[in-house]
Amino acid sequence: MERWPWPSGGAWLLVAARALLQLLRSDLRLGRPLLAALALLAALDWLCQRLLPPPAALAVLAAAGWIALSRLARPQRLPVATRAVLITGCDSGFGKETAKKLDSMGFTVLATVLELNSPGAIELRTCCSPRLRLLQMDLTKSGDISRVLEFTKAHTTSTGLWGLVNNAGHNEVVADAELSPVATFRSCMEVNFFGALELTKGLLPLLRSSRGRIVTVGSPAGDMPYPCLGAYGTSKAAVALLMDTFSCELLPWGVKVSIIQPGCFKTESVRNVGQWEKRKQLLLANLPQELLQAYGKDYIEHLHGQFLRSLRLAMSDLSPVVDAITDALLAARPRRRYYPGQGLGLMYFIHYYLPEGLRRRFLQAFFISHCLPRALQPGQPGATPPQDAAQDPNLSPGPSPAVAW
């Protein structure tokens, strides 16, 4: 059977690359990712010539080239113009850095803070333009939320409100769900879910009018069972589901909803080791005696040490999260989910595709690896460790000396 004439790999790739670059030249950056994609396409071209019939090979190569280059293309951005954005939780971390970035781009920024004289508020007041307005708001207080809603409506009559960034978040304990007070679950829900719900609902008339954006900072802990983050994770899972609901219901109004699921970053709250030490001491002081005897103080100290160890892996550069928020606000077609941070792709792959035992061990190795509670350790009266615990190599009979501080 006569083979169809086939141009050489290099010639075909050169023609295709020139055509695609001409088509997308305003949307592509020449750099290592683009060069790597072209090299992979060249290798795929070589394989296709040898393994597939020409029509099938051409289809595979064209599809691969379109997927690779479209993934590298910079998304089309809307102009900033006179757009106004409200950002919560700007005292520190992602909120503060996002407020500074959007202000520098020309946005009118309404930045809420817990305290108008906090270091973060003072920094924003010092380094940002007069367009940025600082608003005091505690998401657990309906009066504060109502005041911010009224201010926003009064000060966006000429420009409209383009975006809401639900960034404010709260977590006050790192411990097993049984050891975490019910009040902790309630406080996390008040800030991370009910506060975001009340504020978002109050601003929906403005966002529907502008066909604007809702961007919410979630957490991978809301997608998978991170050890010792039960209170925080359940509140983040609730707000993510709420935003998915808003995304469907607001589609006819043209409002686009995005969720940012960042990895571990060194925000001010993460770096504040003294604050976590105080919270651990408060947990120990208020733990019922029965639970303290069953788990032991060493167990809680071990969890605390493991948590601090995991924070050493946190990224100092917050720009991936800030860039994701900015893209969600300005991209013509923003994503439903953004995953800024290192290792999140592997983490989600393991969570969704590997067996439950491997998923649990991975999270323990990555975040917190439990030791056996006191009541289950050998030699304790009535100690009968369950079979799974006895076989789990990540469970040690006592605190790990490797994480002693």
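Structure shown above.
Here's a quick rundown of the structure. Quick caveat: nothing in here was measured; it's all calculated off a predicted structure.

**Description of the pattern of salt bridges**
Item 1. For the structure on display, the rule yields 13 salt bridges.
Item 2. Residue arginine 77 is joined to aspartate 327 by a salt bridge in which the shortest nitrogen-to-oxygen separation is 3.4 Å. Of this pair, arginine 77 sits in the loop between helix H3 (54–72) and strand E1 (84–87) while aspartate 327 sits in helix H13 (residues 319–330), and the two are 250 residues apart along the sequence.
Item 3. On the accessibility criterion, aspartate 327 (11% relative accessible area) is buried.
Item 4. The salt bridge partner of arginine 336 is aspartate 244, with a shortest N-O separation of 3.7 Å. Of this pair, arginine 336 sits in the loop between H13 and strand E7 (337–338) while aspartate 244 sits in helix H8 (residues 230–249), placing them 92 residues apart in sequence.
Item 5. Assessed through its relative accessible area of 44%, arginine 336 is described here as partly exposed.

**Comments concerning the environment of threonine 108**
Item 1. Structurally, threonine 108 is set in strand E2 (residues 108–113).
Item 2. With relative accessibility at 23%, the residue threonine 108 sits in the partly exposed group.
Item 3. Along the primary structure threonine 108 and tryptophan 162 are separated by 54 residues, whereas in three dimensions their C-alpha atoms are 9.7 Å apart.
Item 4. Not counting the four nearest positions on each side in its chain, threonine 108 is found in contact with Arg83, Ala84, Val85 and Arg131.

**Looking at helix H6 (residues 142–155)**
Item 1. In this model, H6 (14 residues) spans 20 Å end to end at C-alpha, consistent with the 20 Å of a helix rising 1.5 Å per residue.
Item 2. For H6, every residue scored as buried is listed here: Asp144, Ile145, Val148, Leu149, Phe151 and Thr152. All buried residues of H6 lie within an arc of 165° about the axis, which places them on one face of the element.
Item 3. Among the structural elements, E1, E2, strand E3 (133–136) and helix H7 (182–210) are those in contact with the buried residues of H6.

**Focus on a nonpolar patch on the surface**
Item 1. On the surface, Trp46, Leu47, Leu51, Leu52 and Val60 cluster together into a nonpolar patch covering about 480 Å² of accessible area.
Item 2. Per-element accounting of the nonpolar patch gives the leading share, 3 residues, to helix H2 (residues 32–51).
Item 3. One can find tryptophan 46 in helix H2.
Item 4. Looking at tryptophan 46, the relative accessible area reads 48%, which means it is partly exposed.

**Description of the pairing of strand E5 (residues 213–217)**
In regular strands, side chains alternate between the two faces of the sheet.
Item 1. For E5, the tally of buried residues reaches 5 of 5 residues, placing the bulk of the element in the interior.
Item 2. Alternating residues of E5 divide into Arg213, Val215 and Val217 and Ile214 and Thr216, and every residue in both groups is buried.
Item 3. Bridge count between strand E4 (residues 163–166) and E5: 4 bridges; the pairing is parallel. Across the sheet, residue glycine 163 finds its bridge partner in E5, namely arginine 213.
Item 4. Relative to strand E6 (residues 256–260), E5 runs parallel, the two being bridged by 5 bridges. Bridging from a neighbouring strand, valine 217 pairs with isoleucine 260 of E6.
Item 5. With H8 bridging E5 and its parallel neighbour E6, the resulting β-α-β unit is right-handed.

**Overview of empty space enclosed by the protein**
Where empty space is left becomes clear once a probe the size of a water molecule has been rolled over the atoms.
Item 1. Throughout the structure, instances matching the rule amount to 2 cavities of 30 Å³ or more.
Item 2. Estimates place the volume of the largest cavity at around 110 Å³.
Item 3. Contributions of two or more residues to the lining of the largest cavity are made by helix H10 (273–286) and helix H12 (297–311).
Item 4. Element by element, the count of residues in the lining of the largest cavity is highest for H10, at 4 residues.
Item 5. Of the residues contributing to the lining of the largest cavity, the split by class is 7 nonpolar, 1 polar and 3 charged.
Item 6. Put simply, the second largest cavity is a space of about 70 Å³.
Item 7. Lining the second largest cavity are Thr88, Leu139, Asn166, Asn167, Ala168, Val191, Asn192, Ala196, Thr216, Val217, Lys236 and Val239.
Item 8. Those elements that place two or more of their residues in the lining of the second largest cavity are H7, E5 and H8.
Item 9. Counting residues per element, the lining of the second largest cavity draws most heavily on H7, which supplies 3 residues.
Item 10. Grouping the amino acids of the lining of the second largest cavity by side-chain chemistry returns 6 nonpolar, 5 polar and 1 charged.

About the criteria used
Residues numbered from 1 in each chain as written. Predicted model: local features only at pLDDT ≥ 70, side-chain atom pairs only at ≥ 80, totals over all residues. Heavy atoms only, no water. Salt bridge = Lys/Arg side-chain N within 4 Å of Asp/Glu carboxyl O. Helix = DSSP H or I, 4+ residues; strand = E, 2+ residues; numbered from the N terminus. Buried < 20%, exposed > 50% of the residue type's maximum accessible area, 1.4 Å probe, protein only. Contact = heavy atoms within 4.5 Å. Expected span 1.5 Å × (residues − 1). Arc of directions from axis to C-beta. Patch = residues over 30% accessible without salt bridge, like charges linked within 9 Å, V, L, I, M, F, W, Y side chains within 5 Å. Areas by Shrake-Rupley, 256 points an atom, 1.4 Å probe, with all protein chains shown as cover. Pairing = 2+ DSSP bridges. Right-handed = clockwise from strand over helix to strand, strands pointing away. 1 Å grid on protein atoms, 1.4 Å probe; cavity = no way out; pocket = protein on both sides within 12 Å on 5 of 7 lines; lining within 4 Å. Points joined across faces, edges and corners; volume = space filled by probe spheres on them. Nonpolar A, V, L, I, M, F, W, Y, C, P; charged D, E, K, R; others polar.

Purely spatial values, then, with no claim about function.
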